[in-house]
Amino acid sequence: QFSNDPGNYTTAVVGNASIAWIRKAARQGKPFMAYIAPKAAHEPFNPAPWYRDHWEPSWPTLAPRTANWNVSAKRRALHHGNVGTEDWISEEASHVITGVFKNRWRTLM
C-alpha cells in the first residue's frame, strides 16, 4: 500500500520494482525483455525529495540556449504570429526556464 511518504516517489517505486523483476528474470537464464517507462521527465517535473537540491558541478548550469534564444525584434519581425511581436524573454522568465530545466533533469535521477 502506498502513501505520500517520499519513499513512494513514483520513479523510485517503478525503478525498484523493475530492478527486482530484472534480477528475478536474469536468474532464470532465459532471454527476457523489460520496457520500463516511468513518469519522470514529464510535467510537473517534481524531482524526488532526495534530489530536490542536487546538482552535479559537471551538469549544465542553464537550459540549452540555441542561436535563436532571445533574438532581436528585427530578427523575429518576419516570424509567424506572436514570435515576431512579443518582447524578449525577461531575466525573471529566464530563471524560471532554467529552474524547470534543472528540475526536469533531476526527475531523471
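The preceding data block contains the structure.
Quantities reported herein were computed from a predicted structural model and do not represent experimental measurements.

**Student:** Got a minute to help me understand the side chain of Ser-18 in this structure?
**Tutor:** Within the fold, Ser-18 resides in helix 1 (residues 10-27). From its side chain, Ser-18 meets the backbone oxygen of Val-14 in a polar contact 2.7 Å long.

**Student:** How should helix 1 be read in this particular structure?
**Tutor:** Working note: α-helix, 3.6 residues per turn, so residues spaced by three or four point in the same direction. Compared with the 26 Å implied by 1.5 Å per residue over 18 residues, the 26 Å span of helix 1 between its first and last C-alpha is a close match. Residues Thr-11, Ala-12, Ser-18 and Ala-25 constitute the buried set of helix 1. With its buried residues spanning 160 degrees around the axis, helix 1 presents them on a single face. Those residues of helix 1 that are exposed and aimed more than 90 degrees away from the buried face are Asn-16, Arg-23 and Arg-27. Those residues of helix 1 that are buried are in contact with helix 3 (91-107). Following helix 1 by one or two positions, Gly-29 adopts a phi angle in the positive range, close to 70 degrees.

**Student:** Help me understand helix 3 in this model?
**Tutor:** Over its 17 residues, helix 3 extends 24 Å from the first C-alpha to the last, a length consistent with the 24 Å expected when each residue adds 1.5 Å. On its buried side, helix 3 packs onto helix 1.

**Student:** What am I meant to see in the packing of aromatic side chains here?
**Tutor:** How two aromatic rings sit relative to each other is given by the distance of their centres and the angle of their planes. One pass over the full model with this rule turns up seven aromatic pairs. Taken together, a centroid distance of 6.0 Å and an interplanar angle of 75 degrees make the contact between Tyr-9 and Trp-50 edge-to-face. In this pair, Tyr-9 is assigned in the segment before helix 1 and Trp-50 in the loop between helix 1 and helix 2 (73-76), connecting sequence segments 41 residues apart. Using a relative accessible area of 17% as the deciding quantity, one classes Tyr-9 as buried. Between Trp-55 and Phe-101, the ring centres sit 6.4 Å apart and the planes meet at 65 degrees, which makes this aromatic pair edge-to-face. Linking Trp-55 in the loop between helix 1 and helix 2 with Phe-101 in helix 3, this pair joins segments that are 46 residues apart in sequence. By way of ring pairs, the aromatic residues Trp-55, Trp-59, Phe-101 and Trp-105 are connected into one cluster. Geometry around Trp-69 places Arg-65 over its ring, the cationic atom sitting 4.0 Å from the centre. The residue whose ring lies beneath Lys-102 is Trp-55, and the NZ or CZ to ring-centre distance is 5.1 Å.

Basis of the calculations
Throughout, residues of each chain are indexed from 1 in the direction in which the sequence is written. A pLDDT threshold of at least 70 governs which residues receive local features in this predicted model, and a stricter bar of 80 or more applies before side-chain atom pairs are shown or counted, although totals over entire chains, interfaces and linings include all residues. No hydrogens and no water enter the side-chain calculation; it runs on all heavy atoms of the structure. Here a helix means four or more residues in a row that DSSP labels H or I, a strand means two or more in a row labelled E, and each is numbered from the N terminus. Here a polar contact means two N or O atoms within 3.5 Å. Within protein one must be a hydrogen donor candidate and the other an acceptor candidate, and residues neighboring in sequence count only if both atoms are side-chain atoms. Multiplying 1.5 Å by the helix residue count minus one yields the expected span of that helix. Exposure categories follow from relative accessible area, calculated using a 1.4 Å probe and restricted to protein chains: below 20% of the type maximum is buried, above 50% is exposed, and the middle band is partly exposed. Here, the arc refers to the directions that run from the helix axis to the C-beta atoms. Residue contacts follow a heavy-atom distance rule, with two residues in contact if any of their heavy atoms lie within 4.5 Å. For this analysis, a ring pair means two rings from Phe, Tyr or Trp (six-membered ring only for Trp) whose centres lie within 6.5 Å, classed as stacked if their planes differ by under 30 degrees, edge-to-face if by over 60, and tilted for the remaining angles. When the NZ atom of lysine or the CZ atom of arginine is within 6 Å of a ring's centre and also within 35 degrees of its normal, the charge is said to sit over that ring.

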